[in-house]
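Residues per chain, in single letters:
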Amino acid sequence: VRGGFVHNRVLVDSIRKLAVAHGAAVSEEHRVSVGGKPGFVDLMIQIPSAVVVCEAELGPRRAVWDVAKASALDADLLLIVTPTRGVATRIQARLAESEIGNPELEIWVLPLGVARQRLHKLFSLISASIKSGKKKIQ
Amino acid sequence: MPHRSLWEDIVFGLKHDVLNDDVSRAALRAYQYGICDLELEDIIRGKVHNAHIQLQLGAIPPFRTPKLFKGDIVLGNNLNGDHVLVEKQWLNAGMFIGANTGGGKTTLQHFLFLQLISSLEGLWMTDLYKAGHRSLLPVYEKLGVPLAVLRGETIKLNLLQPDGDPHRHVSLVVDVLGRVLQLPSRALAIVRTKCHQLYTNFGVFKGTSDHYPVLYDLYNEVKSAPGLNKQAQEAILDRLGALLVSLTPKVAAWRLAWKPSDLTRRHIVWELGSFSESAKSILSSYLQFSVLYSRLEEGQNNVPLNFMMAFDDSQRYFAGSAIQVGDLPPLDEVAGLIRGTGTSLCGAAQTMNGISRGLLPNLATKIMGRLGSHRDYQYLGADMGMTQEQISWAKLHLKPGLFVASLAEGPWRQPFPLAIPRITLPGGVTDQHVSESAKQLDHLSVIPASEFDSWTPYHTETFQVQTGSDESGIHSSLNRAELRLLQMIILHPAEPSSAYAKYSRMSSRRATETRKSLIEKGMLTEHSVQCTGRGRPTIILEPSLEAIEVIEEWAGRDKGQDGS
């Protein structure tokens, strides 16, 4: 697994555990090819009605490449999860500058806490497996 | 005009010195011989009548002109312009000068010191705030008398170096420390015990002569002593630490330093303005007490004045003079004992506020300058034996260079006005000039305690990561709490830092301290992550590779021990 402690153990692990707990199919370090150039996404989460690509980022450097990878995977939603609000803002600014666009790809750039809340709501609407659960997600 | 007899007029005239001219004296003599006719009577009555009018108008000072025409030194001039002469020996009983800023205290001291330079064996002038006495340096050079001006950093003193009997000195130091640092009784008992212990360890009681403990040794001794009362120990360390920071090792870390008794044969200006109040007080007290007791040990009693200690702006120094802490008498009483040893103590203060009631009786010669408040005039005026009329006159008429004095000794004990001539000293005494003057003390043998050159009261510890097959292992630098917390962080990664207090079964405060310690040692890295939707970011702790190795080694060893 590439990335450091915060990337792997805090951000990616947290989203992966949440997705698994809601019954989604999760693929870590999922392979992707963008115009013949190989790459990997941190998590590809498949739920019955959508494909969610999740990337954990500590800075804005690879944000545009993340969008390209998600587009190549024909994902419905790209979730870029960051440790803090400041990093998320910088990534949003970078994406706005690059003017990269894919009308079929919804992009969320969120810090971990908010990302977990939003995903929780998303999975709740789609999956029935969590309706009865108030179990604390680790 | 009220009717008065001729006799009453003569008494009034003599009392107010209005019959001092030749004609009046001739008329008085005629009256004494019983041949005073009406014409002579008119002369006397006319003078007295005029004096009454001037007195009513406040034009005549309500003082008698002092009849002090013999003596070694000129104290000043009376209001007629004649010299007021006093014996040098009279100053032995101490002197107090009270005048507010700009009142001429320093000028008065200079006027006296200039007359005493050649006749005193030693003269110490202590500037507690300003650097006014250094202007005497060119005058001393012209007279060929060496004067050393010692600025803060050039002073070399060791308060634990006995100047005479070590048993007496240790009591002195403990008392001075207790008084200046205001130590509670239990802390004082600890200081006393530790000082005795240091003296024993350094062989001071057995007569060592060049290797003495220093205050930094005392600090370390108290700090490292096990089982002391915690509050008392901390009281000592806090206050002594602050004092030592102010003194600096350059001043106070000398295994062999200058002996105060050796310095009493010199003319020295002590410039202590750069020190904190406690450091000023402790240095001044140490010098003063050392000189007194070494002189008493020498058996000096009722000897002629040969040494003078003067303190300028000594308000705060004398304000704490009544505090008695231990075995030795407070400064108030010492001021009285000094007289018999041929030592004069001269203090100058801007106000009487805070000055101990016990001090003034022992500084017998008192001089009042222009003061700032009614209370100061009343307080000092009462001690000088001034009447209300005289105090009222002083309030309105004293100005820079004009004082009211009352002497402790001699035939004239009434207060009298005293004018001090203006003295213009050559200025331009530079720091370099001052440093040159201090070199005359370079030949005195001193031995530095260089191990304290970089002393600091703050605890510092160097953490060194050890690798290899050292038996003690890397975790020897970590205490058990640190190891336990680190283990929990590794076992439960990426959780909020607050969770580990519970895992490792320690209080959150202790966990926070331990966590900070581990971060300082490079075992942990902190990350801020917004783990919840709102609120402050959570602190996530990342263990370093070394930390993981340490915990693996430690856990393996613990497991092996448990297994065995």
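Preceding this paragraph is the structure being described.
Residues numbered from 1 in each chain as written. Chains lettered and ligands numbered in written order. Predicted model: local features only at pLDDT ≥ 70, side-chain atom pairs only at ≥ 80, totals over all residues. Heavy atoms only, no water.

S.K.: Explain the interface of chain B and chain A residue by residue, including any values.
M.R.: The interface is formed by 14 residues belonging to chain B together with 15 residues belonging to chain A. Regarding the contact of chain B and chain A, the summed buried area is about 1,000 Å², with carbon and sulfur atoms giving 70% of it. When the area that chain B buries against chain A is broken down by residue, the three leading residues are V529(B), Q530(B) and G533(B), summing to 41%. Across the contact surface, chain B and chain A share 0 salt bridges. Ranked by residues supplied to the side of chain B that touches chain A, first place goes to strand 15 (residues 538–543) of chain B with 4 residues. (Contact = heavy atoms within 4.5 Å. Buried area = accessible area lost by both parts, 1.4 Å probe. Salt bridge = Lys/Arg side-chain N within 4 Å of Asp/Glu carboxyl O. Helix = DSSP H or I, 4+ residues; strand = E, 2+ residues; numbered from the N terminus.)

S.K.: Outline helix 3 (residues 85–98) of chain A, supporting the account with residue identities and numerical values.
M.R.: Residue and element names in this part refer to chain A. In this model, helix 3 (14 residues) spans 20 Å end to end at C-alpha, consistent with the 20 Å of a helix rising 1.5 Å per residue. All of the buried residues along helix 3 are V87, A88, I91 and L95. An end-on view of helix 3 places all buried positions within 100° of arc, on one side of the element. Along helix 3, exposed side chains directed more than 90 degrees from the buried face belong to A96 and E97. If you follow the buried residues of helix 3, they end up packed against helix 2 (63–72), strand 4 (77–82) and strand 5 (106–111). Just past helix 3, the residue E99 takes up positive phi, approximately 55°. (Expected span 1.5 Å × (residues − 1). Buried < 20%, exposed > 50% of the residue type's maximum accessible area, 1.4 Å probe, protein only. Arc of directions from axis to C-beta.)

S.K.: Describe the environment of L541(B), and please don't skip the residues or the numbers.
M.R.: Structurally, the position occupied by L541(B) is in strand 15. Look at L541(B) and you get buried, because its relative accessible area is 1%. Once the C-alpha coordinates of L541(B) and E526(B) are considered, the two residues, 15 residues apart in sequence, prove to be 4.8 Å apart. With sequence-adjacent residues up to four places away left out, L541(B) is seen in contact with F5(A), I489(B), S497(B), Y500(B), R515(B), L524(B), T525(B) and E526(B).

S.K.: So what's going on with the sheet that holds strand 1 (residues 25–34) of chain A? Which residues, and what values?
M.R.: All names here are of chain A. In spatial order, the strands read 1-2-3-4-5; together these 5 strands make up an open sheet with mixed pairing. Here the strands that pair on one side only, and so sit at the sheet edges, are strand 1 and strand 5. Within the sheet, the average angular offset between the axes of one strand and its neighbour, ignoring direction, is 30°. Pairing of strand 4 with strand 5, which is carried by 6 bridges, proceeds in the parallel orientation. In the sheet register, L79 faces strand 5, and the bridge partner there is W108. Strands strand 1, strand 2 (37–47), strand 3 (50–56) and strand 4 of the sheet are contacted by helix 1 (residues 5–21), whose axis makes an angle of about 40° with strand 2. Packing of helix 2 onto the sheet brings it into contact with strand 1, strand 2, strand 3, strand 4 and strand 5, and relative to strand 1 it is tilted by some 100°. (Pairing = 2+ DSSP bridges. Axes fitted to C-alpha atoms, helices over the stretch in contact; angles between N-to-C directions.)

S.K.: Before we move on, could you go through the pattern of salt bridges and cite the residues and values that matter?
M.R.: Residues and elements named next belong to chain A. With the rule as written, the count across this model stands at 26 salt bridges over all chains. The salt bridge partner of D13 is R16, with a shortest N-O separation of 3.7 Å. Here R16 and D13 lie together in helix 1, a separation of 3 residues that amounts to about one turn. Residue D13 is classed as buried on the basis of its relative accessible area, which comes to 17%.

S.K.: If you had to explain the side chain of H52(B) to someone new, which residues and values would you point to?
M.R.: Tracing the sequence through the fold places H52(B) in helix 3 (residues 38–56). What makes H52(B) buried here is its relative accessible area of 18%.

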